[in-house]
Amino acid sequence: MSIRVLVADDQDLVRTGLRLILGTLDGIEVVGEARDGQEAVRLVRELRPDVCLMDIRMPVLDGVEATRLLAGPGVADPVAVVVITTFDLDEHVHGALAAGATGFLLKDAGPALLGEAIRAAVRGDSLISPSITRRLLSTFARTGRTAPPVQPVDPLTEREEQVLLTLARGRTNAEIAAELHISLSTVKTHIGSLMTKLGARNRVEVAMWGYETGRVRDQC
């Protein structure tokens, strides 16, 4: 069955472009469009898509608050939300992830990364633009955290340690697979295992744990 997607953006041209791009991806179907956050919330509740692509800056209700209403803490039946925007300000990234977004992409991400983010969201995984990941981690490497790092529920394997290092440099799954000479499905398996062992919600949290424990230095 196709993955059903709703696109929320206040610009007609952007919505049209996203619909055309998604139309080229196998197994993905656009089932609705919204011009503002309020309309997005209404249509998601009405149409129940698998994923909502959400812009940040929209009239009536912004994308962060719309995400909170659809996927935030306490939502009984949350919908996977992937934020896609031209604005990569740190406060937008943190706000969207805290509101419950499972992914954060820039609008220049390209069809392959967009499709990967949508499919990851359906699986319950998270994908964040590598360029954003690199900047967040670079900032984190300079400031760090005061709280002690969590301990994994099981020790990391040697391969998981290798995946952690490449992920922390902001590599995509395809780039990790090429660098480590393993299959894409194996990369996804290792990242999923890392998230489970660390109790992480997304790739950024996995990479931050690498910095916290001294496994990764500022190599972004």
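Residues numbered from 1 in each chain as written. Predicted model: local features only at pLDDT ≥ 70, side-chain atom pairs only at ≥ 80, totals over all residues. Heavy atoms only, no water.

The name given to the protein in an unreviewed UniProt entry is Response regulator transcription factor, and the organism recorded there is Nocardioides furvisabuli.

(A) Focus on the pairing of strand S4 (residues 80-85). The buried count for S4 comes to six of six residues, which makes it a mostly enclosed element. Burial along S4 is two-sided: Ala80, Val82 and Ile84 and Val81, Val83 and Thr85, pointing in opposite directions, are all buried. As defined by bridge partners, strand S3 (residues 51-54) adjoins S4 across four bridges and the pair is classed as parallel. When the sheet's bridge partners are listed, Leu53 is paired in S4 with Val82. Viewed along the sheet, the connection from S3 through helix H3 (residues 63-71) into S4 turns out right-handed. (Buried < 20%, exposed > 50% of the residue type's maximum accessible area, 1.4 Å probe, protein only. Helix = DSSP H or I, 4+ residues; strand = E, 2+ residues; numbered from the N terminus. Pairing = 2+ DSSP bridges. Right-handed = clockwise from strand over helix to strand, strands pointing away.)

(B) How the structure looks around the packing of helix H1 (residues 12-23) against helix H5 (residues 111-123). One can describe the packing of H1 onto H5 by two numbers: an axis separation of 10 Å at closest approach and a directional angle of 80°. Considering the angle they form, H1 stands roughly perpendicular to H5. Along its contact with H1, which presents Leu18, Ile21 and Leu22, the element H5 presents Pro111, Leu114 and Ile118. Among the residues forming the contact of H1 with H5, the class breakdown is six nonpolar, no polar and no charged. (Axes fitted to C-alpha atoms, helices over the stretch in contact; angles between N-to-C directions. Parallel < 35°, antiparallel > 145°, perpendicular 65-115°, else oblique. Contact = heavy atoms within 4.5 Å. Nonpolar A, V, L, I, M, F, W, Y, C, P; charged D, E, K, R; others polar.)

(C) Layout of the nonpolar core. Residues Leu6, Ala8, Cys52, Met54, Val81, Val83 and Phe104 are the most contacted members of the largest nonpolar core, which totals 28 residues. Leu22, Leu25, Ile28 and Leu127 belong to the second-largest nonpolar core, a separate cluster that totals 21 residues. (Core = buried A, V, L, I, M, F, W, Y, C linked by side-chain atoms within 4.5 Å.)

(D) Structural detail: helix H8 (residues 173-180). Asn173, Ile176, Ala177 and Leu180 are the residues of H8 that are buried. One side of H8 holds all its buried residues, which, seen down the axis, span an arc of 100°. Its buried side turned inward, H8 meets H5, helix H7 (158-168), helix H9 (184-198) and helix H10 (203-212). Backbone geometry just after H8 places His181 at a positive phi near 60°. (Arc of directions from axis to C-beta.)

(E) Just the side chain of Lys197, in detail. Within the secondary structure layout, Lys197 lies in helix H9. Among the polar contacts made by the side chain of Lys197, one reaches the side chain of Glu160 at a distance of 2.8 Å. Setting aside residues up to four positions removed in sequence, Lys197 forms contacts with Gln151, Pro152, Val153, Asp154, Pro155, Leu156, Thr157 and Glu160. (Polar contact = N/O pair within 3.5 Å; in protein donor to acceptor, adjacent residues only side chain to side chain.)

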